[in-house]
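The chain contents come next:
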Amino acid sequence: MDNTPDNLEDLFAHNRTWSARMERDRPGFFTSLVKQQTPKYMWIGCSDSRVPANQITGLEPGEVFVHRNVANIVVHSDLNALSAIQFAVERLKVQHIMVVGHYGCAGVKAALEGARIGLADNWIRHIQDVRDRHRVLLNSLPEELRADALCELNVTEQVVNVAVSTVMEDAWSRGQTVSIHGWAFGVHDGLLQDLGMTINGIKPVESLYKAAVQRIRYKWSKRAEEPQTDTDPAQAEP
């Protein structure tokens, strides 16, 4: 049954129903939310409505600090993203930052295809830079696998961008314990994939980046050798 609201008044009605149900099932739920949030996690993800951080991770409100934009991009000129990261690290003292892409991302597909959208083209240009940097790898794959491979490469690049920001450099220089992780989410199965790209300020970023790219190259090259089916290629285990 389709429960999608038809108009804005439906949203308010759904909200009142939800609020009453939460208070009935979990008395004191909203009282606890009034307290200062103390999340251990920050989620940097895509604005795609199919990728809600709390539901995916099973975390309660107040347990994950979220920043989202088209295709989970972090660039050094984006003061919005950098301000959110700084607030999470310095004020909230998060211990983990997860940069999360998702297979089937429309922004990644647009960058791969060189599609023209409008103003958003300037934002997606950042993913096209990733595409161009790894053109040899991507061109070696069957066309149907390239978007998912680029999704993972984009996540890896954005993890690096977070790691080399002044926010993280300052945090690590003062001995703060905080790690950055690269993940990918499968809309087709609801599962998170750890891409093995974790930076905690100890090992050199460049060596971790090269190792992550090599893993992605190996994974998708092996996938290309497998018999292709109608199943989304991201469904297979990495």
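To start, this report covers the structure provided alongside it. Not measured: the values here are computed from a predicted model. (Residues numbered from 1 in each chain as written. Predicted model: local features only at pLDDT ≥ 70, side-chain atom pairs only at ≥ 80, totals over all residues. Heavy atoms only, no water.)

Overview of the overall build of the protein
Broken down by element type, the protein carries 10 helices and five strands. Judged by the C-alpha coordinates and their principal axes, the protein covers about 55 × 50 × 35 Å. Contacts spanning at least 24 positions in sequence make up 61% of the contacts within the protein whose residues lie at least 6 apart. Taken as a whole, the protein presents about 13200 Å² of accessible surface, with 52% of it coming from carbon and sulfur. (Helix = DSSP H or I, 4+ residues; strand = E, 2+ residues; numbered from the N terminus. Contact = heavy atoms within 4.5 Å. Areas by Shrake-Rupley, 256 points an atom, 1.4 Å probe, with all protein chains shown as cover.)

Considerations on the environment of Lys219
As for its position among the elements, Lys219 is in helix H10 (residues 205-225). Along the sequence, Lys219 and Ala149 sit 70 residues apart, while their C-alpha atoms lie 8.9 Å from each other.

Here's the deal with the pattern of salt bridges
Per the counting criterion, the structure on display carries 14 salt bridges. Residues Asp129 and Arg125 are paired through a salt bridge, measuring 3.1 Å at the closest nitrogen-oxygen approach. Note that Asp129 and Arg125 are positioned in helix H6 (residues 120-133) at a spacing of four residues, about one turn of the helix. Residue classification places Arg125 among the partly exposed positions, given a relative accessible area of 34%. Salt-bridge contacts for Lys219 lead to Glu152; the nearest nitrogen and oxygen are separated by 2.5 Å. Of this pair, Lys219 sits in helix H10 while Glu152 sits in helix H8 (residues 143-163), and the two are 67 residues apart along the sequence. The class for Lys219 is buried, based on a relative accessible area of 12%. Several salt bridges share partner residues, and in doing so they unite Arg125, Asp129, Arg131, Asp132 and Arg135 into one network. (Salt bridge = Lys/Arg side-chain N within 4 Å of Asp/Glu carboxyl O. Buried < 20%, exposed > 50% of the residue type's maximum accessible area, 1.4 Å probe, protein only.)

Some remarks on the sheet that holds strand E2 (residues 64-69)
In spatial order, the strands read E2-E1-E3-E4-E5; together these five strands make up an open sheet with mixed pairing. Either end of the sheet is taken by a strand with one partner, and the two such strands are E2 and strand E5 (192-199). Averaged over all neighbouring strand pairs, the angle between strand axes comes to 20°, with direction disregarded. Bridge count for strand E1 (residues 41-46) against strand E3 (residues 96-102) is five bridges, and the pairing is parallel. Residue pairing for E3: Gly45 is matched across the bridge by Val100. (Pairing = 2+ DSSP bridges. Axes fitted to C-alpha atoms, helices over the stretch in contact; angles between N-to-C directions.)

Details of the packing of helix H5 (residues 106-113) against H6
Running from N to C, H5 and H6 cross one another at 60°; their axes reach a closest spacing of 8 Å. By the angle class used here, H5 and H6 are oblique. For the pair H5 and H6, the crossing hand works out as right-handed. Where H5 approaches H6, its residues Gly107, Val108, Ala110, Ala111 and Leu112 are matched on the opposing element by Ile124, Ile127, Gln128 and Arg131. (Parallel < 35°, antiparallel > 145°, perpendicular 65-115°, else oblique. Left-handed = near helix turned anticlockwise from the far one by under 90°.)

Digging into the packing of aromatic side chains
In total, this model carries three aromatic pairs according to the counting rule given. Centroid distance Phe29 to Phe30: 5.1 Å. Interplanar angle 85°. Geometry classified as edge-to-face. What links up through ring pairs into an aromatic cluster is the set Trp18, Phe29 and Phe30. Above the face of the Trp220 ring, Arg223 is positioned so that its terminal group lies 4.9 Å from the ring centre. (Phe/Tyr/Trp six-rings, centres within 6.5 Å; stacked < 30°, edge-to-face > 60°. Lys NZ or Arg CZ within 6 Å of the ring centre and 35° of its normal.)

With respect to the environment of Phe185
Mapped onto the elements, Phe185 comes out in strand E4 (residues 179-185). For Phe185, a relative accessible area of 5% corresponds to the buried category. If we skip the residues at most four places from it in the chain, Phe185 touches Arg50, Val51, Ile56, Val100, Gly101, His102, Tyr103, Gly190, Leu191 and Leu192.

Details of helix H1 (residues 8-25)
With 18 residues, H1 should cover 26 Å at 1.5 Å per step; its first-to-last C-alpha distance of 26 Å lies within 8% of that length. Residue Asn7 occupies the N-cap position of H1, its side-chain oxygen lying 3.0 Å from the main-chain nitrogen of Glu9. (Expected span 1.5 Å × (residues − 1). Polar contact = N/O pair within 3.5 Å; in protein donor to acceptor, adjacent residues only side chain to side chain.)

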